[in-house]
Amino acid sequence: MIRTNNTSTLISKFTTKMARRRGPTMLFLLFISIIAFGAFVPVFAPLPSLSSSSHSHRHRKANARSFEIADDMFLKDGKPFRIIGGDLHYFRILPEYWEDRLLRAKALGLNTIQTYVPWNLHEPQPGNLVFEGIADLVYFLKLCQKLDFLVMLRPGPYICAEWDLGGFPAWLLAIEPALKLRSSDPAYLKLVDKWWGILLPKVAHLLYNNGGPIIMIQIENEFGSYGDDQAYLHHLVKLAQEHLGENIVLYTTDGGTRETLEKGTIRGDAVFSAVDFSTGEDPSPIFKLQKEFNAPGKSPPLSAEFYTGWLTHWGEDLQRTGADFTASALEKIFSQNGSAVLYMAHGGTNFGFYNGANTNADEYTYKPDITSYDYDAPIKESGDVDNAKFNALKSVIGRHSATSLPSVIPNNEKTGHGAIQLQKTAFLFDLIDMINPADVVESRNPVSMESVGQMFGFIVYVSEYTSKDDGSSLFIPKVHDRAQVFVLCSSDDKGGRPTYIGTIERWSNVKLILPNTKCASNISLFVLVENMGRVNYGPYMFDRKGILSSVYLDGRILHGWKMISIPFNNLNEVPKNNLITQVSHSRIVTKLEDNSETISKEPAFYTAHFSIEKVNQVKDTFISFSGWGKGIAFVNDFNIGRYWPSFGPQCTLYVPAPILRHGENVLVILELESHHPELVIQSVDQPDFACGSSKSNVHQL
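All figures in this text were calculated on a predicted structure; none of them were measured in a lab.

Conventions and cut-offs
- Residues numbered from 1 in each chain as written.
- Predicted model: local features only at pLDDT ≥ 70, side-chain atom pairs only at ≥ 80, totals over all residues.
- Heavy atoms only, no water.
- Disulfide = S-S within 2.5 Å.
- Helix = DSSP H or I, 4+ residues; strand = E, 2+ residues; numbered from the N terminus.
- Buried < 20%, exposed > 50% of the residue type's maximum accessible area, 1.4 Å probe, protein only.
- Axes fitted to C-alpha atoms, helices over the stretch in contact; angles between N-to-C directions.
- Parallel < 35°, antiparallel > 145°, perpendicular 65-115°, else oblique.
- Left-handed = near helix turned anticlockwise from the far one by under 90°.
- Contact = heavy atoms within 4.5 Å.
- Phe/Tyr/Trp six-rings, centres within 6.5 Å; stacked < 30°, edge-to-face > 60°.
- Lys NZ or Arg CZ within 6 Å of the ring centre and 35° of its normal.
- Pairing = 2+ DSSP bridges.
- Right-handed = clockwise from strand over helix to strand, strands pointing away.

Participant: Just checking my understanding: could you explain the state of the cysteines for this structure?
Facilitator: Linking two cysteines covalently via their sulfur atoms produces the bond known as a disulfide. By the definition in use, this model includes two disulfides. Covalent S-S linkage joins C489 and C519, the inter-sulfur distance amounting to 2.0 Å. The sign of the S-S torsion, about 85°, decides the handedness of the disulfide formed by C489 and C519: right-handed. Here C519 lies in the loop between strand 24 (512-514) and strand 25 (523-530) and C489 lies in strand 22 (residues 482-489), a separation of 30 residues in the sequence. As far as burial versus exposure is concerned, C489 and C519 are alike and both buried. The side chain of C651 participates in a disulfide bridge whose partner is C691; the two sulfur atoms lie 2.1 Å from each other. Where C651 bonds to C691 through sulfur, the torsion about that S-S bond is close to 135°, and the disulfide is right-handed. Placement of C651 in the loop between strand 33 (638-643) and strand 34 (652-655) and of C691 in the loop between strand 36 (680-684) and strand 37 (696-699) is noted, with a sequence separation of 40 residues between them. By relative accessible area, which is 10% here, C691 ends up buried. Look at the chain and number its bonded cysteines as they come in the sequence; the links are 1-2, 3-4.

In structure tokens:
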């Protein structure tokens, strides 16, 4: 049952001195200790076992297996081999669909799968290791082998990938003194050593020479576009060889320019240097340049990221690339005896809070990625393959493949369940009442989300001030990423609701005018900050979240803050105090009038219970949020991602069938701004990317 106490109770609870004072060191130690008591559990249960040969059998086979580079060719078991690969990220696909997507990649003609390994997926909190469910890397690699794929593994520790913080765990940002990521900083390297000391032994038995599918291991990721710390790269090489042996083929991937290759290449014959470049560029001079950065005879031409599409940010046009143009560019690579890895073969979905973001000239030109990672890849987000790009690329691959291609698998069936009625279950600020007061952090000035142990989602900053006859001016110079501001007079005899004042955004920071409010007590100030995804590429990656500066009221610093973490399900963890479960099992609707603009802007939870009557109707679907504002959505406790149709371009969120159940299903959404006037969402059978002011942007260059 959800309690809906009036907000004066809430204020009295969190404007008293119930929170412990904690300095930065104590804050970090606090959230380290959270893990020791098992505050999080994996979302997915372990997958069923795959039949595989024993270790002894693998080692007997190892004598006959080899993958190496010689005579400017890849040699598999001593014979020339062309890599026709594709990126397919296990962490963007439900485990129940891994085999489905791999079979579609097989039908496209691929012989190799390339995938990143995101550190933050597998160690979401210090020492809390997750290798089950969607994080079951070993199962995924064995499945690749079962389907006769080779694997190019990219364990980072930095991966980019349009993934939060480039795959780094956010808790790295809470360490003081601050780490220098992607460098030979000893404190950073110590943590990398520990992580790779866990990860690499898990995959060592799956190297090709040991009977497994892994033919190559990437060192870092496009480091030449970031820095030139050769000591760092050499440290990673040594570490990889210590755990995997000296016979493993290590590789780097960098942009196909002299500058990036000079910075990112590890000279000598221990590491192969691969390249990537814009789709449509003439590959000939780039492959020629690649040879300069490899040892003689050790430079088979390889485009390790052949871009089949591109990423899309919120508020942008949907990025698309023409099918014939893409196929023609791939043909040029193959016609020069080159190998290529399609980035992406299948994009998938940024479930949970793991989407990344980009910046341009400065950190304020912040652009978060949408939930869909369809990427305009030949295998669509929902697995569809009946499209022009799939057919065009398959045709090119078929002309250059050493084997005949398998038949194409039909698209998975999808369905729409029509209109689904929701009810308002609770206001977000009322649910703060459920937060353990011992978990509230008090500080003279605001501190970052990471410093209080909150890595994703939302955090509420609470302070108070004295009202003035002519109102007050509020200025927060540095907010990452989006703050909604509310005020409340807790002495109001009517037990009023918080009043919405305005929104402060990282990319368009503005001062807000706080109204003149007659109040017998101090006025409570609430700042709800959303972490919209950490920057994953470029110089501004050290992207802490929350309020990162002083807060100014009428030009003077406002002191005395409480930080209240709002725990939500993420892709690989469920908080101990699961608000979504509590909301989803509540049948109580908040009995408050909702006829004012200020109330409609107060974040609230909306819940729907809908039934799928027939087993054969449990199919993929899409939820359309047209008419809603901005928020996050959960289906049967699974975080399907962010929606923001008013900004666009994504209108629908993908709901794979394995999330759904025969019988009753529960949808919970947290609406941050303004709900649909009829409290209705639509379950539809097709995706929609035409929301907001955005339009499809098709590149035919």
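On we go from here.
Participant: It is not clear to me how the packing of helix 7 (residues 186-203) against helix 8 (residues 230-244) should be interpreted in this structure. Could you clarify?
Facilitator: Helices that pack against each other are described as a pair by the angle of their axes relative to one another and the distance between those axes. Contact pair helix 7 / helix 8: the axes reach a minimum separation of 10 Å and the direction vectors enclose 30°. Overall, the two elements helix 7 and helix 8 adopt an arrangement that is roughly parallel. Between helix 7 and helix 8 the crossing geometry is right-handed. The residues of helix 8 that touch helix 7, namely those facing Y188, L189, V192, D193, W196, G197, L200 and P201, are Y232, H235, L236, L239, A240, H243 and L244.

Participant: What should I look at first to understand the packing of aromatic side chains in this one?
Facilitator: We describe a pair of aromatic rings using the distance from one ring centre to the other and the angle between the two ring planes. Considering all chains together, one arrives at 41 aromatic pairs under this definition. For the ring pair W119 and F168, a centre distance of 6.2 Å and an interplane angle of 65° mean the geometry is edge-to-face. On the criterion of sequence distance, the pair formed by W119 in helix 5 (residues 119-122) and F168 in the loop between strand 7 (150-154) and helix 7 is long-range, its members being 49 residues apart. For the residue pair W119 and F168, the accessibility class agrees, reading buried in each case. Ring centres of Y366 and W507 lie 6.1 Å apart, and the angle between their planes is 20°; this geometry places the pair in the stacked category. Of this pair, Y366 sits in the loop between strand 14 (357-358) and strand 15 (367-368) while W507 sits in the loop between strand 23 (499-505) and strand 24, and the two are 141 residues apart along the sequence. In this structure Y366 comes out as buried when scored by relative accessible area, which is 4%. The exposure class assigned to W507 is partly exposed, which follows from its relative accessible area of 26%. In textbook terms, an aromatic cluster arises when at least three aromatic residues are bridged by ring pairs, as seen for W119, F131, Y158, F168, W171, Y188, W195, F223, Y226 and Y232. Above the plane of the ring of Y226 lies R182, whose end atom (NZ or CZ) is 4.2 Å from the centre.

Participant: Help me out: how do you make sense of the pairing of strand 6 (residues 112-116) in this one?
Facilitator: Both faces of the sheet carry side chains from a regular strand, because those side chains alternate between them. Counting buried positions over the five residues of strand 6 gives five, a clear majority of the element. Both faces of strand 6 are covered, namely the face carrying T112, Q114 and Y116 and the face carrying I113 and T115. Pairing geometry for strand 5 (residues 84-88) and strand 6, over three bridges, is parallel. Residue pairing for strand 6: D87 is matched across the bridge by Q114. Once the chain exits strand 5 it traverses helix 4 (residues 98-108) before rejoining the sheet at strand 6, and the crossover so formed is right-handed. Two strands pair when backbone bridges link them, and strand 6 and strand 7 are joined in this way by five bridges, in the parallel orientation. Looking across to strand 7, one finds that I113 is bridged to V151.

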